[in-house]
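Topology and contacts: notes
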Amino acid sequence: MSTPAALSFDPALLSALSGARLVAALTGAGISAESGISTFRDPDGLWARFDPHELATPSAFARDPKRVWDWYAWRRERVAAAQPNAGHLALAQLERRVPAFALITQNVDGLHQRAGSRIVIELHGNITRVKCSREGTTVERWDETAPGVPRCPVCGALLRPDVVWFEEPLPESALAAAQHAAERCDVMLVVGTSAEVYPAAALPASAKATGATVVEINPNSTPLSGEADFVLAGPAGQVLPALVARIRGPR
Ligand code: OAD
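An account of the accompanying structure is given in this report. (Residues numbered from 1 in each chain as written. Predicted model: local features only at pLDDT ≥ 70, side-chain atom pairs only at ≥ 80, totals over all residues. Heavy atoms only, no water.)

**Some thoughts on the pattern of salt bridges**
Inspection of every chain in the model, using the stated rule, returns 12 salt bridges. Among the ionic pairs, D70 bridges to K66, the shortest N-O distance being 3.1 Å. Of this pair, D70 and K66 both sit in helix α5 (residues 65-81), four residues apart, which is roughly one turn of the helix. For D70, a relative accessible area of 35% puts it in the partly exposed group. The exposure class of K66 is partly exposed, given its relative accessible area of 33%. Close ionic contact of R184 with E183 constitutes a salt bridge, the shortest N to O distance being 4.0 Å. The exposure class assigned to R184 is partly exposed, which follows from its relative accessible area of 46%. Beyond isolated ion pairs, a larger network of salt bridges with shared partners links E122, R129, K131 and D162. (Salt bridge = Lys/Arg side-chain N within 4 Å of Asp/Glu carboxyl O. Helix = DSSP H or I, 4+ residues; strand = E, 2+ residues; numbered from the N terminus. Buried < 20%, exposed > 50% of the residue type's maximum accessible area, 1.4 Å probe, protein only.)

The following block contains the structure:
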């Protein structure tokens, strides 16, 4: 069932959402596109302009830590200058309208929290945090103007962004919380993700296998589109506010 961005919704979808006890949302880079943050795999995305093997792996950091640090510092600046958009705000509102809500994100930009979402499961870390590359401890302050890569004030190892790189495992507790929500939710909204990167991409199938209604919100089709119960083919910043406005519940 496919809905173009005509913004009229199938009554069965509205009824599933209105009757849901637990709603889960899985978000990806597409939800932040309307905030001016680049996605990864779109034609103008980051992975069309940069090689992830040179920038987003532990071996890239070992080879050229300064290059990796500077790339993330550039992205951190872009994120700091961006604002949450109507899609982020709609999900924050939805959290307050349904009995229980779990927001699972692959994004590292912190825009869900800035939009007011209270509980956010971050599968791939957060670019605004920095950690010690040896001990993994979060470091609150560092000197961005220092030559080279800043060092851990405790052990002297290089600092690195607190994000998950290719070849690294996801944070165990975040993945467990996401899996738990996927298996218990009544509805899962899958927003702005190419559904190509695992293990996040397996969560909609877990939700569906345990009986949830899976709803994809994305202007483009993905490997999930054929499996989803409903496809809302439009930008998240338009589709989500219209959808959330149709959900009964406390404001
Ligand atoms: P991708 O760049 O792979 O996919 C972005 C998706 O957003 C695409 O399917 C677009 O069609 C869709 N999109 C674009 N604009 C949109 C809009 N306005 N509203 C809704 N959808 C829109 O990003 P992710 O799926 O998040 O991982 O990528 C997953 C992971 O791959 C990222 O977390 C990152 C990357 O490598 C790491 O860095 C570990």
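And the narrative resumes.
**Some remarks on helix α10 (residues 236-245)**
Within α10, burial applies to A236, G237, V239, L240, L243 and V244. Those residues of α10 hidden inside the fold are in contact with α1 (11-19), α6 (86-97), β8 (187-191), β9 (213-217) and β10 (230-233). (Contact = heavy atoms within 4.5 Å.)

**Here we look at the state of the cysteines**
Tallying each qualifying case throughout the model produces zero disulfides. C155 provides the cysteine sulfur closest to C152, a residue in no disulfide bond, and the two sulfurs are 3.9 Å apart. Residue class for C152 comes out buried when judged on its relative accessible area of 5%. (Disulfide = S-S within 2.5 Å.)

**A closer look at the site of the ligand**
Around the ligand, the structure places 23 residues, and the nearest of them are F40, R41, T193, S194 and N218. Here an oxygen atom of the ligand and a backbone polar atom of F40 are 2.7 Å apart. The separation between an oxygen atom of the ligand and a polar side-chain atom of W47 is 3.0 Å. Counted by class, the shell around the ligand contains 10 nonpolar, 10 polar and three charged residues. (Near = heavy atom within 4 Å. Polar contact = N/O pair within 3.5 Å; in protein donor to acceptor, adjacent residues only side chain to side chain. Nonpolar A, V, L, I, M, F, W, Y, C, P; charged D, E, K, R; others polar.)

Nothing here speaks to function; it is all geometry.
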